[in-house]
2 protein chains.
Amino acid sequence: MPYFDAASAAPLHPVARQAWSASLDEGWADPARLYREGRKARLLLDAAREAAAEAVGCRADELVFTPSGTRAVHSGIQGALAGRRRAGRHLIVSSVEHSSVLHSAEAFEADGGTVTQVAVGRTGAVTAPAYEAALRPDTALACLQSANHEVGTVQPVAEVAEVCRAAGVPLLVDAAQSLGWGPVEGDWSLLAASAHKWGGPPGVGLLVVRKGVRFAAQGPVDERESGRAPGFEDIPAIVAAAASLRAVRAEAAQEAVRLRELTERIRVRVPQLVPDVEVVGDPGRRLPGIVTFSCLYVDGEALLHELDRAGFSVSSGSSCTSSTLTPSHVLKAMGVLSEGNVRVSLPPGTAEADVERFLEVLPGAVAGVREKLGAPAPAVRAHVGELLVDSLGKRCPIPVIELARVIGDVPVGGTVRVLSDDAAARLDIPAWCEMRGQEYVGEEPAERGTAYLVRRLS
Amino acid sequence: MPYFDAASAAPLHPVARQAWSASLDEGWADPARLYREGRKARLLLDAAREAAAEAVGCRADELVFTPSGTRAVHSGIQGALAGRRRAGRHLIVSSVEHSSVLHSAEAFEADGGTVTQVAVGRTGAVTAPAYEAALRPDTALACLQSANHEVGTVQPVAEVAEVCRAAGVPLLVDAAQSLGWGPVEGDWSLLAASAHKWGGPPGVGLLVVRKGVRFAAQGPVDERESGRAPGFEDIPAIVAAAASLRAVRAEAAQEAVRLRELTERIRVRVPQLVPDVEVVGDPGRRLPGIVTFSCLYVDGEALLHELDRAGFSVSSGSSCTSSTLTPSHVLKAMGVLSEGNVRVSLPPGTAEADVERFLEVLPGAVAGVREKLGAPAPAVRAHVGELLVDSLGKRCPIPVIELARVIGDVPVGGTVRVLSDDAAARLDIPAWCEMRGQEYVGEEPAERGTAYLVRRLS
């Protein structure tokens, strides 16, 4: 049963399991105590910190363990902003950061701070000049992920760090997706990561604050982890995290080549096997294990369900797959199609045969979903050269399906007006136009919902 | 090698270890995902929540898992204070709460809130009338531990909850020390606990917020754990926490009787075996496994070191045992002796023979430390009927030792003036007077440090 959602959580690496079991007998006591059980726990904690710091490429006293990557991001951003409060209250983030970063930014805004979101191109990458342009005299902190969690695009961290450094602004890097593959390049100031993304246990994050970076931990005082991560340390999990990071790194170079070949195979073959697909993300500068594509006229949740029935666990940034009704902010920021979205993220060790099997199964799964959704469009002729499609009350991907079904009914140069009250339509109708070589004219407010205007070009 | 510091961290219960291992294969994936690995993780998480809620005596949807007891306390207090902001910005805590509560109170004060500390009696217990007196129209929240972590005294939670309820003020109970023994009695509103205190794994705390209690989670938004505990859930640890709580509870009644007999033995025999000892805490209303005593003329760190060499791991609230130079705030609030303080907290399963061996070893360990410290007091005759002891620059327990050595040199009715700049003297000199039937006259500022006046009565 192939699990292809390593970007959410990787299955526990065998070394993590061994290290956890092995450290249970010596790692349960309070490392702040002076008796032998405490001293043993302290030794394990210190050794884990050394190992993790070596893998990150920092000093051991710059690294603390947090209860999760999310908490590392929250504490890192809060502490850095508070430490630089005198510089000002402006924060820069990219528009494709992980929700933990974006939610920290929202909390900062609610508290009176100002946030600039740096836009990304169609591949999901920021540019250093865009960060440079966002820097202000009152900028306290900039944040950038090392690589995107939804499409795998690697960000130009070293270049962005350089422009931040030149302006005297610290850069916090969310390295959650990439730390298992290698250290983060460049002269960054803070770094956050999450062990369960590299095959370590849940319950462990890393927060690195370089010496010399102003930092003021927020919240109630606590003496543990240099005052930066309150609460009793989970030492067996920390040991497992550090040991598995080492183990994963030892296999990283070879595994990267292997997984990159497998994801490249998906990138190339999915558009050959499935009609009306857009593969998103940077084709070159990307993580080895992630490949993401969107399928026109497909309901993301139904497709995930089909793939799950066929034994494949993947995730989706479509609006119709989770508790939320809005499409992924990453796909939105990239301006790419969000409907029928599938993220395949291969864990290390993924078998080639499983990927081949996925490529066998996918076309039928997509076709099945499309067939179920393939109701004829209720097109009503409005006036000469314009058709009105009433998709009010219908959710993604129905509005786009209905648009596609009627576009041939207007003459070239004529327009289709799609009425929709589904948030995904705002993203998916322009994306469909771009994919199909039609002109997206724009949107207009309508009595109910929004009218999206499309001109037939071919 | 007997470990007698269960109040800091209990060794992992075998059931916790089994549950952790067993849930690893099904509990590593993201419980928010719809594919089978996610559904399995969700099932484990839901079952653990049901089990924990049953043990607490609350509804499953009132309980969230946090990364530690400390985080449960921090989030619980912040959320409850924010949720009741319109009621006012006054917080009540007892003076003997865990540092996580007191540090939350300090953070609240730094943010403009007002805090009332309710005093305790000499046994360490608060009274409901004292809480009632502290309640104000603008009181947003009151906090009380279920039992004290340093001396084991059980607090009158039900009575305090009643007076709070009558005033419409929610009561948050820190149940870290008692939850393994049984549910918290009374009509409390919020509850925090920590799994590693009952033999569960580190990395898991509980936060319970009763339906109807106003609560506004603070910090960046996160959808996990009802928005009250950000970050990816550590499901194997959560399962281990819930399973071990069940297991510990199944053994609790029988084990409580057994441990209570063992700690009673220590309470009775230590004063018989060791001269100049004060056993502290409530003799009756106390946790089964904790007994605490202080030894005059003893340096706490040296005694811990002696006991550790003899194979016993205990902790101490003396000023000279940890990174801090001030004595335990609990002993201070109780007004009892802090020097040579030893807390024995027996984990379930402690062998009677180990307690007997501890009672054999203790007198020699105390005598050894006292002998090393037994330098003659540098007493200088001041004027008739008064002796001056210059203990400036000397740390606990030296000032008390020097006082004790000269008290016989003044006539009955005469006074000894002890000059000291050690913070522990302010607590320990009055405590010594009470223990020895001498009169503590008071303190006066001196050119350096403080002068403590003692009148010889016998």
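It should be emphasised that the depicted structure is a prediction, and the values quoted were computed from it without experimental measurement. (Residues numbered from 1 in each chain as written. Chains lettered and ligands numbered in written order. Predicted model: local features only at pLDDT ≥ 70, side-chain atom pairs only at ≥ 80, totals over all residues. Heavy atoms only, no water.)

## Details of the domain arrangement of chain A
All names here are of chain A.
- Considered domain by domain, chain A is made up of domain 1 (14-248), domain 2 (251-373) and domain 3 (379-455).
- Taking the mean C-alpha position of each, domain 1 and domain 2 sit 28 Å from one another.
- Taken together, the contact pairs 26 residues of domain 1 with 25 residues of domain 2.
- Carbon and sulfur atoms make up 57% of the surface buried where domain 1 meets domain 2, a total of about 2,100 Å² over both sides.
- On the domain 1 side of the contact with domain 2, Arg-122, Glu-150 and Trp-181 bury the most area, a combined 37% of that side's loss.
- Taken together, the links from domain 1 to domain 2 amount to 1 salt bridge.
- Between the two partners, domain 1 and domain 2, sit 13 residue pairs in polar contact (both at pLDDT 80 or more).
- Grouping the constituent residues of the side of domain 1 that touches domain 2 by class yields 10 nonpolar, 12 polar and 4 charged. (Domains from an automatic or database assignment. Contact = heavy atoms within 4.5 Å. Buried area = accessible area lost by both parts, 1.4 Å probe. Salt bridge = Lys/Arg side-chain N within 4 Å of Asp/Glu carboxyl O. Polar contact = N/O pair within 3.5 Å; in protein donor to acceptor, adjacent residues only side chain to side chain. Nonpolar A, V, L, I, M, F, W, Y, C, P; charged D, E, K, R; others polar.)

## A word on the environment of Thr-415 of chain A
All names here are of chain A.
- Checked against the element boundaries, Thr-415 lands in strand E13 (residues 415-420).
- Since its relative accessible area comes to 11%, Thr-415 is described here as buried.
- Taking the C-alpha atoms as reference, Thr-415 lies 57 Å from Arg-214; in sequence the two are 201 residues apart.
- Here Thr-415 is in contact with Gly-385, Glu-386, Leu-387, Val-410, Val-454 and Arg-455, once residues within four sequence places are set aside.
- Separated by 3.2 Å, the side chains of Thr-415 and Glu-386 make a polar contact. (Helix = DSSP H or I, 4+ residues; strand = E, 2+ residues; numbered from the N terminus. Buried < 20%, exposed > 50% of the residue type's maximum accessible area, 1.4 Å probe, protein only.)

## Let's talk about the interface of chain B and chain A
- Counting from both sides, the interface comprises 56 residues of chain B and, opposite them, 56 residues of chain A.
- Both faces considered, chain B and chain A share a buried interface measuring about 4,700 Å² in area, 58% of it formed by carbon and sulfur atoms.
- For chain B, the biggest contributors to the area lost against chain A are Trp-28, Arg-36 and Arg-71 of chain B; these three give 15% of the whole.
- One can count 8 salt bridges joining chain B with chain A.
- Here Arg-39 of chain A and Asp-308 of chain B are joined by a salt bridge, their closest N and O atoms 2.7 Å apart.

## A closer look at the environment of Asn-148 of chain B
All names here are of chain B.
- Along the chain, Asn-148 falls in the loop between strand E4 (139-145) and helix H6 (157-166).
- In this structure Asn-148 comes out as buried when scored by relative accessible area, which is 0%.
- Measuring from C-alpha to C-alpha, the distance between Asn-148 and Ser-316 comes to 14 Å, with 168 residues separating the pair along the chain.
- Leave out the neighbours within four places in its chain, and Asn-148 touches Val-96, Thr-153, Gln-177, Leu-287, Ile-290 and Val-330.
- Here the side chain of Asn-148 touches Val-96 through a polar contact of 2.9 Å, landing on its backbone oxygen.

## Re the environment of Leu-171 of chain B
All names here are of chain B.
- Mapped onto the elements, Leu-171 comes out in strand E5 (residues 171-174).
- We classify Leu-171 as buried; its relative accessible area is 1%.
- The residues contacting Leu-171, other than those within four sequence positions of it, are Ala-142, Cys-143, Leu-144, Val-157, Val-160, Ala-161, Cys-164, Trp-188, Ser-189 and Leu-190.

## Quick word on the pattern of salt bridges
- Under the counting rule described, the total for this entry stands at 68 salt bridges over all chains.
- Here Arg-36 of chain B and Asp-308 of chain A are joined by a salt bridge, their closest N and O atoms 3.4 Å apart. You can see Arg-36 of chain B sitting in helix H2 (residues 36-56) and its partner Asp-308 of chain A sitting in helix H8 (residues 300-309), one on each of two chains.
- Given the relative accessible area of 10%, Arg-36 of chain B is considered buried.
- On the basis of relative accessible area, Asp-308 of chain A is assigned to the buried category, the value being 9%.
- With its nearest N and O atoms 3.7 Å apart, the salt bridge here joins Arg-42 of chain B to Asp-46 of chain B. With Arg-42 of chain B and Asp-46 of chain B both in helix H2 and 4 residues apart, this pair spans about one turn of that helix.
- Taken together, the shared-partner salt bridges in this structure form one network comprising Asp-5 and Arg-343 of chain A together with Asp-30, Arg-33, Arg-224 and Glu-233 of chain B.

## Topic: the packing of aromatic side chains
- Applying the stated criterion across every chain, the model contains 11 aromatic pairs over all chains.
- Where Tyr-35 of chain A meets Tyr-3 of chain B, the ring centres are 5.6 Å apart and the plane angle is 85°; that geometry is what we call edge-to-face. One end of the pair, Tyr-35 of chain A, is in the loop between helix H1 (14-24) and helix H2 (36-56); the other, Tyr-3 of chain B, is in the segment before helix H1 (14-24), on a second chain.
- In this structure Tyr-3 of chain B comes out as buried when scored by relative accessible area, which is 7%.
- With a centroid separation of 5.4 Å and 70° between ring planes, the pair formed by Phe-312 of chain B and Phe-358 of chain B is classed as edge-to-face. Residue Phe-312 of chain B is located in the loop between helix H8 (300-309) and helix H9 (329-334), and its partner Phe-358 of chain B is located in helix H10 (residues 352-373); the two are separated by 46 residues in the primary sequence.
- Relative accessible area serves as the criterion here: at 2%, Phe-312 of chain B is assigned to the buried category.
- Given the relative accessible area of 0%, Phe-358 of chain B is considered buried. (Phe/Tyr/Trp six-rings, centres within 6.5 Å; stacked < 30°, edge-to-face > 60°.)

## Comments concerning helix H12 (residues 425-436) of chain B
Residues and elements named next belong to chain B.
- Between the first and last C-alpha of H12 there are 16 Å, a value that for 12 residues agrees with the 16 Å anticipated at 1.5 Å per step.
- If you check which residues of H12 are buried, you get Ala-425, Leu-427, Asp-428, Ile-429, Ala-431, Trp-432 and Cys-433.
- Positive backbone phi, approximately 70°, marks Gly-437, located one or two places after H12. (Expected span 1.5 Å × (residues − 1).)

## Points about the sheet that holds strand E5 (residues 171-174) of chain A
Residue and element names in this part refer to chain A.
- Across the sheet, which stays open at both edges, the 7 strands sit in the order E1-E7-E6-E5-E4-E2-E3 with mixed pairing between neighbours. Only two strands of the sheet have a single partner each, and these edge strands are strand E1 (63-66) and strand E3 (114-118). Averaged over neighbouring strand pairs, the angle between their axes works out to 20° when direction is ignored.
- Where E1 and strand E7 (residues 205-209) come together, 4 bridges link them in antiparallel fashion. Paired with Phe-65 across the two strands is Leu-206, which belongs to E7.
- Its contacts with the sheet put helix H6 (residues 157-166) on strand E4 (139-145) and E5, and the angle it makes with E5 is roughly 160°. (Pairing = 2+ DSSP bridges. Axes fitted to C-alpha atoms, helices over the stretch in contact; angles between N-to-C directions.)

## Side note on the pairing of E4 of chain B
Residue and element names in this part refer to chain B.
- The element E4 is largely enclosed, with a buried count of 7 among its 7 residues.
- Here strand E2 (residues 90-94) runs beside E4; their pairing, made up of 3 bridges, is parallel. By the bridge assignment for E4, Leu-91 is matched with Leu-141.
- Relative to E5, E4 is paired through 4 bridges, and the arrangement is parallel. By the bridge assignment for E5, Ala-142 is matched with Leu-171.

## Some words on unusual backbone geometry
Residue and element names in this part refer to chain A.
- With an omega dihedral of 5°, the bond running from Cys-396 to Pro-397 counts as a cis peptide bond.
- As for its position among the elements, Pro-397 is in the loop between strand E12 (386-390) and helix H11 (398-406).
- The phi dihedral of Ser-226 is positive, around 55°, even though this residue is not glycine.
- Mapped onto the secondary structure, Ser-226 falls in the loop between E7 and helix H7 (235-273).

## Quick word on the relation of the copies chain B and chain A
- The transform that puts chain B on chain A rotates by 180° and translates by 0.1 Å along the axis, for an RMSD of 0.1 Å. In the structure described here, the two chain copies are related by an operation that fits a two-fold rotation axis. The C-alpha atom lying nearest the rotation axis in chain B is that of Pro-67 of chain B; the distance is 3.0 Å. (Least-squares fit on C-alpha atoms with pLDDT ≥ 70 in both.)

## Some details on the packing of H8 of chain B against H10 of chain B
Residues and elements named next belong to chain B.
- Interaxial distance between H8 and H10 falls to 9 Å at its minimum, and their mutual angle equals 135°. By the angle class used here, H8 and H10 are oblique. With respect to the hand of their crossing, H8 and H10 are arranged in right-handed fashion. Mapping the contact onto sequence places Ala-302, Leu-303, Glu-306 and Leu-307 in H8 and Phe-358, Val-361, Leu-362, Ala-365, Val-366, Val-369 and Lys-372 in H10.
- Tallied by class, residues from the contact of H8 with H10 come to 9 nonpolar, no polar and 2 charged. (Parallel < 35°, antiparallel > 145°, perpendicular 65-115°, else oblique. Left-handed = near helix turned anticlockwise from the far one by under 90°.)

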